[in-house]
Amino acid sequence: MRAYSHGVTTPSTPPALEITDLKFSYQPGQAWTVNVSSLTIAAGEQMLLTGGSGSGKSTLLQLIAGLLEPTRGRVLVAGESVFDAAGASRDKLRGRRLGMIFQTFNLLQGFTALENVMASLAFAGTPPKDQRPRAAEALASLGLSDINRPVEAMSVGQQQRVAVARAVVTNPALVLADEPTASLDPENAAAAMTLIQQSCKARGAALLCVSHDPAMADRFALRRSISSLADH
Amino acid sequence: MAMTDFVIITRSMRARRFSTLLTALSVSVAVALLLTLLMMKDAGRAAFERGSGNVHMIVGRDGTPLQSLLNSVYYAGIPRNPIRWAEFEKIRDAHAPEVPMPPGIQPGFAVPIQLGDSFQGLPVVATTEAFFTRFEPVAGRPFEFAAGEKFKENFQAVLGSRAARDTGLRVGDKFNVTHGSGMNGHVHDEFEFTVVGVLKDTGSAHDRAIFTNLTSSWLLHALDRLEREHGHDHGHEGHEHGPDGECLHGPEISEADLTDADRLITGVLLRTPTREGRDASAAMATVFTALRSDTSLTVAQPSQEINRLFAIVGAVDKILIAMASVVLAGSAVSILLAMYGSMDLRRRQVAILRVLGCSKGRIFSLVLTEAAIIGVIGSVVGIVLAFAAGPLIALVMRRQLGLFIDPVLPPDLTLLTMVGVIVLAALAGLLPAVMAYRTPVANNLKPLG
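Residues numbered from 1 in each chain as written. Chains lettered and ligands numbered in written order. Predicted model: local features only at pLDDT ≥ 70, side-chain atom pairs only at ≥ 80, totals over all residues.

**Student:** Where do I start with the overall build of chain A in this structure?
**Tutor:** A tally of regular secondary structure across chain A gives six helices and nine strands. Within chain A, the proportion of its 232 residues that are buried is 50%. Sequence separation of 24 or more characterises 74% of the internal contacts of chain A that already satisfy a separation of 6 or more. (Helix = DSSP H or I, 4+ residues; strand = E, 2+ residues; numbered from the N terminus. Buried ≥ 20, exposed ≤ 12 C-beta atoms within 10 Å, placed from the backbone. Contact = placed C-beta atoms within 7 Å.)

Set out below in structure tokens:
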């Protein structure tokens, strides 16, 4: 099946994500861990991908990010083929086109909030002189003022803002969010999702959020179950 | 500051600051140990090479030639067996006659010295004026006076530079010498010596000596002899004592009382005549053989004795340097272990950097550079420690052994050590770098616990 969004896709703007016949298994000969016949997310669109534990949601995100090699298939991010690029080129593509948000934030320990965001810009190829002002602006836009504190000294809420700023600061085509609210209570989870969705919208980034939290469904106009993406 | 690789590395090190500090410290201790040993090896030899200056031979009556050298030039001990003045005159007249030389020939010299007295633990050397005019403590660099001049009369003294600093004596000050040294000495309070000159630094053991003329020393010891022979006469007319019971009389002896038994020396600094511009002479071998025909004498050729000494000490040097190298290799292993031990934490950081777009090659380079930076920090701190240890060891050597050493870190050796340590550290970082390179990203992004 082919899932199309309600987003606006013009001929000059390639979809943020286009997956075709993607197959992956950890061991050859085993059942597919990821089996997606087709999935497209238009630029700026936000999609929720649901599924139970072990359904391959996180593995799919890692395949999209080019961190795993598929058995076969094709993934285009903003029109660029992830698997046609190899080695450092693929890493550069990931740095420029993708942002990632994790359940536990995965911030760089020993770095300040500003440095965490600057690291993202540095690997995306942003000129050195632009890194600091752009990182500071991204953090300020999310309401963080004490940006020179090491992240480990920050509250959970502040760390989450840093993680969101780091994901969107490069103006990526697509932000991948892997269970971003799994460790939060419902109230904070709602606040976190609002932050993520608004930030992506503000930056024009598409969002693919995977979650098994049913409460998330209302936040997304576009929802898919990972099992529905498989070819049968 | 932009987010450069250097910033990433320093932040990574900051996140593991305790482990990084300990590892760098172990490297710095190893570097300091190695450099200090290398520094002392060269400084020790240089110290021994200073002091004997333009002397060809040292004649004494010690157990071995090396002892003669150590006693007469480095004042390491007090010779027990004296040489009579008549014997000295015979040596002088035979091998360094004070007669006009043919054109193109530099005259030699025979400078007598007598050791046995001290002041505040510093050796008092009785000698002649020729010690200052003919003998050069460092070849080509004769003694120079910082203040005053050489002694001209009895009971005048010249201080070596460090002796002046240590005692606080200046030109015009007076002091009493002690016969012997340490606990066994007794103060010759019958005679006061007046400081008439202070020498400039020579960087040799002579800097910590006090020099008087031979006659003064002979008079002191003649008085001792007379008192031993006749007993101290406290009953003679006019004999008075001070509040502490000390005798308040002046010298009761003159040069006329000196006998051959008083006119003793403990060594001769000998230089044979040489052609102008030459340091050695063809006659040296003949003179050496002739002097050794008197088997009661010991004849030391400083350069040979120093070579002999360092041939013995050299083996110990090699062992110590080998040990320091092992410590250095051990510190490289400590880098490896510290980085390997932190791999669990590092894997998550590597995975995050990869997600942000960092390539595997750059990860490899970051870890390798971090190891090299630990090597840089360790070697820089080690060099500073070695710089600090040098003067400290020199002080101990001076106080304990009477050896003046001037520890200097040769720039080429220091640079070589630094480069070696950095390369070693980088090699130690190879395995952790490979492990970081091969870190699977997906597994290391999962929530902890």
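Text resumes after the structure shown.
**Student:** Just to check I follow, could you spell out the packing of helix H3 (residues 113-123) of chain A against helix H4 (residues 128-141) of chain A for this structure?
**Tutor:** The packing of two helices is summarised by the inter-axis angle and the distance between the axes. Residues and elements named next belong to chain A. Axis separation between H3 and H4 bottoms out at 9 Å; the angle between their running directions is 120°. If you check the angle between H3 and H4, you find them oblique. Relative to H4, H3 is oriented so that their crossing is right-handed. Seen from H3, the contacting residues are Ala113, Leu114, Val117, Met118, Leu121 and Ala122; seen from H4, they are Gln131, Arg132, Arg134, Ala135, Ala136, Ala138 and Leu139. Considered class by class, the residues forming the contact of H3 with H4 number ten nonpolar, one polar and two charged. (Axes fitted to C-alpha atoms, helices over the stretch in contact; angles between N-to-C directions. Parallel < 35°, antiparallel > 145°, perpendicular 65-115°, else oblique. Left-handed = near helix turned anticlockwise from the far one by under 90°. Nonpolar A, V, L, I, M, F, W, Y, C, P; charged D, E, K, R; others polar.)

**Student:** Sorry, what's going on with the interface of chain A and chain B here?
**Tutor:** Reports of interface size often rely on the accessible area that becomes lost once the parts have come together. Contact with chain A, which involves 28 residues of that partner, is made by 21 residues of chain B. When contributions to the side of chain A that touches chain B are tallied by element, the ones reaching two or more residues are helix H2 (87-97), strand S6 (98-102), H3 and H4 of chain A. For the side of chain A that touches chain B, the class distribution of residues is 14 nonpolar, ten polar and four charged.

**Student:** What exactly am I supposed to notice about the confidence of the model for chain A here?
**Tutor:** For residues with low pLDDT, the predicted coordinates do not support detailed interpretation. Residues and elements named next belong to chain A. Residues of chain A with pLDDT of at least 70 account for 94%, and the chain-wide mean is 89. Mean pLDDT values over the elements of chain A span from 90, in strand S9 (residues 222-225), up to 96, in H3. Note on residues 1-9: pLDDT under 50 across the span, and 24 contacts to partners over four residues away in sequence or across chains. (pLDDT = per-residue confidence, 0-100.)

**Student:** Looking at this model, I keep getting lost on the sheet that holds S9(A). Mind explaining?
**Tutor:** Hydrogen bonds between backbone atoms are what pair the strands of a sheet, whose relative direction is either parallel or antiparallel. Residues and elements named next belong to chain A. Taken in spatial order, the five strands of this open sheet run S6-S7-S8-S3-S9, and their pairing is parallel. Across the chains shown, the open sheet's two edge strands, defined by having one partner strand only, are S6 and S9. Taking the axes of each pair of neighbouring strands and ignoring which way they run, one obtains an average angle of 20° across the sheet. In the sheet, strand S7 (residues 174-178) pairs with strand S8 (residues 206-211) via five bridges, with the strands oriented parallel. Bridging from a neighbouring strand, Ala177 pairs with Cys209 of S8. (Pairing = 2+ DSSP bridges.)

**Student:** What am I meant to see in the pairing of strand S4 (residues 72-77) of chain A here?
**Tutor:** Moving residue by residue along a regular strand, the side chains alternate between the two faces of the sheet. Residue and element names in this part refer to chain A. Alignment of strand S1 (residues 17-24) against S4, held across five bridges, turns out to be antiparallel. Paired with Ile19 across the strands is Val75, a residue of S4. The hairpin turn running from S4 into strand S5 (residues 80-81), its antiparallel successor, is two residues long, and Ala78 in that turn takes a positive phi close to 50°.

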